[in-house]
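Report on the structure
One-letter residues, chain by chain:
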Amino acid sequence: MVYGYIRVSTDRQTVENQRFEIDRFAEQQKLHIDGWIEETISGTKNYTKRGLGRLLKKVRKGDLIICAELSRLGRSLFMIMEILNICMNKECRVWTIKDGYRLGDDIQSKVLAFAFGLSAEIERNLISQRTKEALARKKAEGVILGRPKGKSPIPNLQCEKKREWIHEMLLQGMPKSDIAKNLHIARGTLYRFLSSAATTSTSAGNQLTECNSVVFNHLAASCSNRVNSPPVTEQ
């Protein structure tokens, strides 16, 4: 049996490129793909929890697994070595296209498996280190990392138009769910509108209180000056 194994890490990636490579390779080698295993999952996830794990349980002596490259099997050295070891114990062959790797029973296959896995591990560590250094430099330069803060929600136009009616219904004791139904909006939309309106009202009230306080202090100071000033005597 000949199996084609395809793995991508995210939904944004496509399996078609890998399938095309395996199909073309099989045609060149005059092989027929008897079964396909395609999955969208991170290579860091243990192979036992992937479709690859089920394939490894199914393969028999003389079977062949073809994949685009060795890193499709796993993203760590020890995982790749463990997978290849299972295949060697079951006398199942593994061929990769880009790496040109052929797993067999000879010592050369074992050495190549170790070398390819080690180089992939070193490359990932270097990429991770460069990423950390770049983030540290950006942070030192004062760049704010992470996702930008969300903007203030836009007030619902339906609620704005019915502001007075909503206020009146609330005073009459109508449930908020019934108000939302009458306006044909979700309850969450109404709650956000009321919360925003309450915040705006509180802010305006605080500003008015501060303004009244300033005016009161000014008038009090003026009256105090008049009281304390000496009476004007007529000449």
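Described in the following lines is the structure provided in the data block. Quantities reported herein were computed from a predicted structural model and do not represent experimental measurements.

Before going further, it helps to examine a nonpolar patch on the surface. Taken together, the side chains of Phe-114, Leu-118, Ile-122 and Leu-126 make up a nonpolar region of the molecular surface, amounting to roughly 350 Å² of accessible area. Topologically, Leu-126 is positioned in helix H4 (residues 107-140).

Turning to the state of the cysteines, a few remarks are in order. Here a disulfide denotes one covalent bond, and it connects the sulfur atoms of two cysteines. Following the criterion strictly, the structure yields 0 disulfides and no others. Free cysteine Cys-92: the closest other cysteine sulfur is in Cys-87, separated by 4.5 Å. Note on Cys-92: relative accessible area 3%, which makes it buried.

Let's shift gears to unusual backbone geometry. Glycine aside, negative phi is the norm for most residues, and most peptide bonds take the trans geometry. The phi dihedral of Glu-91 falls on the positive side, at around 55 degrees, and the residue is not glycine. You can see Glu-91 is positioned in the loop between helix H3 (77-89) and strand E4 (93-96). Phi at His-184 is positive, roughly 60 degrees, even though this residue is not glycine. Position of His-184 relative to the elements: it lies in the loop between helix H7 (176-183) and helix H8 (187-228). On the basis of relative accessibility, which here comes to 72%, the residue His-184 falls in the exposed class.

This next bit is on the nonpolar core. Within the largest apolar cluster, 22 residues are counted, with the highest numbers of intra-cluster contacts made by Leu-52, Ile-65, Leu-73 and Leu-84. Of all elements in the fold, only strand E1 (2-8), helix H2 (51-58), strand E3 (64-67) and H3 reach the threshold of two or more residues within this core. With 6 residues, the single largest contributor to this core is H3. With near-sequence residues (within four places) excluded, Ile-65 lies in contact with Tyr-3, Tyr-5, Leu-55, Leu-56, Val-59, Cys-87, Cys-92, Arg-93, Val-94 and Trp-95. With 11 residues, the next largest nonpolar core counts Val-2, Val-15, Ile-22 and Leu-64 among its residues.

What follows concerns the side chain of Arg-50. Along the chain, Arg-50 turns up in the loop between strand E2 (35-40) and H2. Of the side chains with opposite charge, Glu-39 lies nearest to the buried Arg-50, which makes no salt bridge, at 4.1 Å. Separated by 3.1 Å, the side chains of Arg-50 and Tyr-5 make a polar contact. Polar side-chain contacts of Arg-50 include one of 2.7 Å to the backbone oxygen of Leu-73. What Arg-50 contacts, discounting residues up to four positions off in sequence, is Tyr-5, Arg-7, Glu-39, Ile-41, Ser-42, Gly-43, Lys-45, Arg-72, Leu-73, Gly-74, Met-79 and Ile-83.

Reading the values: rules and limits
- Residues numbered from 1 in each chain as written.
- Predicted model: local features only at pLDDT ≥ 70, side-chain atom pairs only at ≥ 80, totals over all residues.
- Heavy atoms only, no water.
- Patch = residues over 30% accessible without salt bridge, like charges linked within 9 Å, V, L, I, M, F, W, Y side chains within 5 Å.
- Areas by Shrake-Rupley, 256 points an atom, 1.4 Å probe, with all protein chains shown as cover.
- Salt bridge = Lys/Arg side-chain N within 4 Å of Asp/Glu carboxyl O.
- Helix = DSSP H or I, 4+ residues; strand = E, 2+ residues; numbered from the N terminus.
- Disulfide = S-S within 2.5 Å.
- Buried < 20%, exposed > 50% of the residue type's maximum accessible area, 1.4 Å probe, protein only.
- Core = buried A, V, L, I, M, F, W, Y, C linked by side-chain atoms within 4.5 Å.
- Contact = heavy atoms within 4.5 Å.
- Lys, Arg positive; Asp, Glu negative; His and termini not counted.
- Polar contact = N/O pair within 3.5 Å; in protein donor to acceptor, adjacent residues only side chain to side chain.

Just distances and angles here, no functional claims.
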